[in-house]
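# Examination of the molecular architecture
In case you want the letters, here they are:
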Amino acid sequence: MTASPLSAWTDRLAALAPVLNAAELPFRSQLTVRVSDSGAIAAMGSALGVQFPSAACTFISGSGRFGDVEVLWLGPDEFLVVAAPDLQITIEEVLRGALGTVRGSVVDTSAQRTTVVLQGPRVRNVLAHGCSVDLHPASAPGGTCVQTLLARTGIILQVNGDDRYTVLVRSSFAEYFAAWLGDACSEYLAVA
């Protein structure tokens, strides 16, 4: 099997534990869905077993036909379906079947990004070093997701709540992101 984008960074990410816990969840199935027809969106949610979000910049997590699945609403007609590894082909077929003849697309984008879960009481402070999105719970409650820049790198950021965030970063920028994360944690590591 191919090494994950951050496999060489496991020890360095673990060293951040006094400040935050960072763990890569590699090789997750990710499918970009482009559709604006509300009937097709409902049909795809039914076929998946997890409904698509009804509000922009939010995500829904659920246990559906393919186990734990997340559906993120990224733009006016853009969604991202995220599931366990090695399910992308099956999910793509099911979603395309539910889409039917309605104008839209389902594309496997699994190799494009890796997933990093960040958790701990200082995560929001660390992310504030490189992200312009207001992550205060009043502005970004659990269930929020945004496409933004973090340290000049395009990411998808999910606010899971309870000081837990999920970052989907392009695989080619994953090491840069991990190095930036180490630098952003350094001021807190000095006093930990």
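For the structure given in this document, a descriptive report is provided here. On a predicted model such as this, the values are computed, not experimentally measured, just so you know.

Now for the pairing of strand β7 (residues 113–119). For β7, a buried count of six out of seven residues is recorded, marking the element as mostly surrounded by other parts of the structure. Two strands pair when backbone bridges link them, and strand β1 (residues 21–25) and β7 are joined in this way by five bridges, in the antiparallel orientation. Counterpart to L25 in the pairing with β7 is T115. In terms of strand pairing, β7 meets strand β10 (residues 164–170) through seven bridges, oriented antiparallel.

Quick look at the packing of aromatic side chains now. All chains considered together, the criterion is met by two aromatic pairs. The structure contains a cluster of three or more aromatic residues connected by ring pairs, namely F52, W73 and F79. Positioned above the aromatic ring of W9 is the side chain of R12, whose terminal nitrogen or guanidinium carbon lies 3.8 Å from the ring centre.

Moving on, we get to the nonpolar core. Ranked by size, the top nonpolar core spans 32 residues in total, and within it L20, L118, L157, F177 and L181 carry the most contacts. Looking at this core, the elements that each hand over two or more residues are β7, α4 (123–128), β8 (144–150), β9 (153–161), β10 and α5 (174–189). Those residues in contact with F177, other than ones at most four positions away along the chain, are V116, L118, L150, V167 and V169. Counting residues in each nonpolar core, the second largest holds 22 residues, with V33, V50, L95 and V106 among its members.

So, on to the sheet that holds strand β4 (residues 67–75). Strand pairs in the sheet, formed through backbone hydrogen bonds, run parallel or antiparallel to each other. In space, the five strands of this open sheet follow the order β3-β4-β5-β2-β6, with antiparallel pairing throughout. The outermost strands of the open sheet, each flanked by one partner alone, are β3 (59–64) and β6 (104–108). Averaged over all pairs of adjacent strands, the angle between their axes in this sheet comes to 20°, without regard to strand direction. Summarising the sheet, strand β2 (residues 29–35) and strand β5 (residues 78–83) pair through six bridges and their orientation is antiparallel.

The periodicity of an α-helix, 3.6 residues per turn, causes residues three or four positions apart to be oriented the same way. Helix length check: α5, at 16 residues, gives a terminal C-alpha distance of 21 Å against a target of 22 Å (1.5 Å per residue), a fit within 8%. For α5, every residue scored as buried is listed here: A174, F177, A178, W180, L181, A184, C185 and Y188. Where α5 is buried, its residues touch α1 (10–14), β1, β7, α4, β8 and β10.

The N-to-C vectors of helix α2 (residues 38–48) and helix α3 (residues 88–99) enclose an angle of 145°; their axes lie 8 Å apart at closest approach. When you trace α2 past α3, the crossing you get is right-handed. Where α2 approaches α3, its residues A40, A43, M44, A47 and L48 are matched on the opposing element by I91, V94, L95, A98 and L99. Residue composition of the contact of α2 with α3, grouped by class: 10 nonpolar, no polar and no charged.

On to the environment of V116, then. Mapped onto the fold, V116 is located in strand β7. Judged by its relative accessible area of 1%, V116 falls in the buried class. Counting along the chain gives 62 residues from V116 to A178, while the straight-line C-alpha distance between them is 9.3 Å. Leaving out residues up to four positions away in the same chain, V116 has contacts with L6, A23, E24, Y165, T166, V167 and F177.

Each value, and the rule that gives it
- Residues numbered from 1 in each chain as written.
- Predicted model: local features only at pLDDT ≥ 70, side-chain atom pairs only at ≥ 80, totals over all residues.
- Heavy atoms only, no water.
- Buried < 20%, exposed > 50% of the residue type's maximum accessible area, 1.4 Å probe, protein only.
- Helix = DSSP H or I, 4+ residues; strand = E, 2+ residues; numbered from the N terminus.
- Pairing = 2+ DSSP bridges.
- Phe/Tyr/Trp six-rings, centres within 6.5 Å; stacked < 30°, edge-to-face > 60°.
- Lys NZ or Arg CZ within 6 Å of the ring centre and 35° of its normal.
- Core = buried A, V, L, I, M, F, W, Y, C linked by side-chain atoms within 4.5 Å.
- Contact = heavy atoms within 4.5 Å.
- Axes fitted to C-alpha atoms, helices over the stretch in contact; angles between N-to-C directions.
- Expected span 1.5 Å × (residues − 1).
- Left-handed = near helix turned anticlockwise from the far one by under 90°.
- Nonpolar A, V, L, I, M, F, W, Y, C, P; charged D, E, K, R; others polar.

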